[in-house]
Amino acid sequence: DAGITQSPRHKVTETGTPVTLRCHQTENHRYMYWYRQDPGHGLRLIHYSYGVKDTDKGEVSDGYSVSRSKTEDFLLTLESATSSQTSVYFCAISQEAMAFFGQGTRLTVV
Amino acid sequence: GESVGLHLPTLSVQEGDNSIINCAYSNSASDYFIWYKQESGKGPQFIIDIRSNMDKRQGQRVTVLLNKTVKHLSLQIAATQPGDSAVYFCAEKSGAQKLVFGQGTRLTINP
């Protein structure tokens, strides 16, 4: 899948705990994205990165932070998980128009 | 603000027929418009894209049409096959490299 690995693939966590999802690429692509996918909402952009240490907010960034200290890694952190953050999270990478997606991480907050 | 929307949430077609999936967008500054296919349990997969200065682009069994006058995008799939069953998303990409998706259309193929 275009050299993208998301970890973990599944996680159950308790409300109020911090959670970090990892996206790792081997393609050396400049742009990386984090999306969440919920029924009835399609894919919504949380944060994206256009280079090392260069990140910006998407449409649903509240409650999430990101970091990109290396080209290959883009981390998504939920500082204090809430039930509304139960979702499937996808990471994507791109150079131009074509974006490649990871397999997703299913996160359940109980 | 940016928004990409789809006219129909579901579409059923007979195997062998052509499928047309439509999408409306609102951001005239987008550089690219892209179609993705998502099968159950998988991440979206790139199908085809079109630059904003083009009207039509063809791929293997797929054609994307862009009508900038009415801000409309369509994906045509020729001779639809069972393997085409999936959710199809349109997306737009601006110079800021934000990739924004629409809601998705579920395509079902009837034998």
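Fair warning: this is a prediction, and the values are worked out from it, not measured in the lab.

To continue, consider the overall build of chain A. The number of helices and strands found in chain A is zero helices and 11 strands. Put simply, chain A runs from its N terminus to its C terminus through helices and strands in the order β-β-β-β-β-β-β-β-β-β-β. The C-alpha atoms of chain A give 13 Å as radius of gyration, which agrees with the globular expectation for 110 residues (13 Å, within 12%). The buried share of chain A, taken over its 110 residues, is 49%. Looking at chain A alone, contacts between residues at least 24 apart form 54% of all its contacts between residues at least 6 apart. Summed over all atoms, the accessible surface of chain A reaches about 5100 Å², with 47% contributed by carbon and sulfur. Counting 11 positive and 12 negative side-chain charges, chain A places the centres of these two groups 3 Å from one another.

Here we take up the pattern of salt bridges. Residue and element names in this part refer to chain A. Following the criterion strictly, the structure yields eight salt bridges over all chains and no others. A salt bridge links arginine 22 to aspartate 73; its shortest N-O distance comes to 3.1 Å. Of this pair, arginine 22 sits in strand S3 (residues 19-25) while aspartate 73 sits in strand S8 (residues 73-78), placing them 51 residues apart in sequence. On the accessibility criterion, arginine 22 (35% relative accessible area) is partly exposed.

So, about the interface of chain B and chain A. With 19 residues of chain B at the contact, the number on the chain A side is 21 residues. For chain B, the biggest contributors to the area lost against chain A are Gln97, Leu99 and Phe101 of chain B; these three give 27% of the whole. Linking chain B with chain A are zero salt bridges. Our enumeration of links across chain B and chain A arrives at four residue pairs in polar contact (both at pLDDT 80 or more). When residues in the side of chain B that touches chain A are grouped by element, the largest group, four residues, is from strand S4 (residues 32-38) of chain B. Here the side of chain B that touches chain A is composed, by residue class, of nine nonpolar, six polar and four charged.

With that settled, the discussion passes to the nonpolar core. With 21 residues, the main nonpolar core has Tyr33, Tyr35 and Phe101 of chain A together with Ile34, Tyr36, Leu99 and Phe101 of chain B as its most contacted residues. Elements supplying a minimum of two residues to this core: strand S4 (31-38), strand S5 (42-51), strand S9 (87-94) and strand S10 (99-101) of chain A together with S4, strand S9 (86-93) and strand S10 (99-101) of chain B. Excluding anything up to four places from it in sequence, leucine 99 of chain B contacts Tyr33, Tyr35, Leu45 and Ala99 of chain A together with Ile34, Tyr36, Ala91, Glu92 and Lys93 of chain B. Core analysis: the next-biggest nonpolar cluster, separate from the first, contains 20 residues, Val13, Leu66, Leu73 and Ile109 of chain B among them.

For the structure shown, the criterion picks out 12 aromatic pairs over all chains. When the centroid spacing of 5.6 Å and the interplanar angle of 85° are considered together, the rings of phenylalanine 101 of chain A and tyrosine 36 of chain B count as edge-to-face. Taken together, the residues phenylalanine 101 of chain A in strand S10 and tyrosine 36 of chain B in strand S4 connect one chain to another. Each member of the pair phenylalanine 101 of chain A and tyrosine 36 of chain B is classed as buried.

Procedures and definitions
Residues numbered from 1 in each chain as written. Chains lettered and ligands numbered in written order. Predicted model: local features only at pLDDT ≥ 70, side-chain atom pairs only at ≥ 80, totals over all residues. Heavy atoms only, no water. Helix = DSSP H or I, 4+ residues; strand = E, 2+ residues; numbered from the N terminus. Rg over C-alpha atoms; globule rule 2.2 N^0.38 Å. Buried < 20%, exposed > 50% of the residue type's maximum accessible area, 1.4 Å probe, protein only. Contact = heavy atoms within 4.5 Å. Areas by Shrake-Rupley, 256 points an atom, 1.4 Å probe, with all protein chains shown as cover. Lys, Arg positive; Asp, Glu negative; His and termini not counted. Charge placed at Lys NZ, Arg CZ, Asp CG, Glu CD. Salt bridge = Lys/Arg side-chain N within 4 Å of Asp/Glu carboxyl O. Buried area = accessible area lost by both parts, 1.4 Å probe. Polar contact = N/O pair within 3.5 Å; in protein donor to acceptor, adjacent residues only side chain to side chain. Nonpolar A, V, L, I, M, F, W, Y, C, P; charged D, E, K, R; others polar. Core = buried A, V, L, I, M, F, W, Y, C linked by side-chain atoms within 4.5 Å. Phe/Tyr/Trp six-rings, centres within 6.5 Å; stacked < 30°, edge-to-face > 60°.

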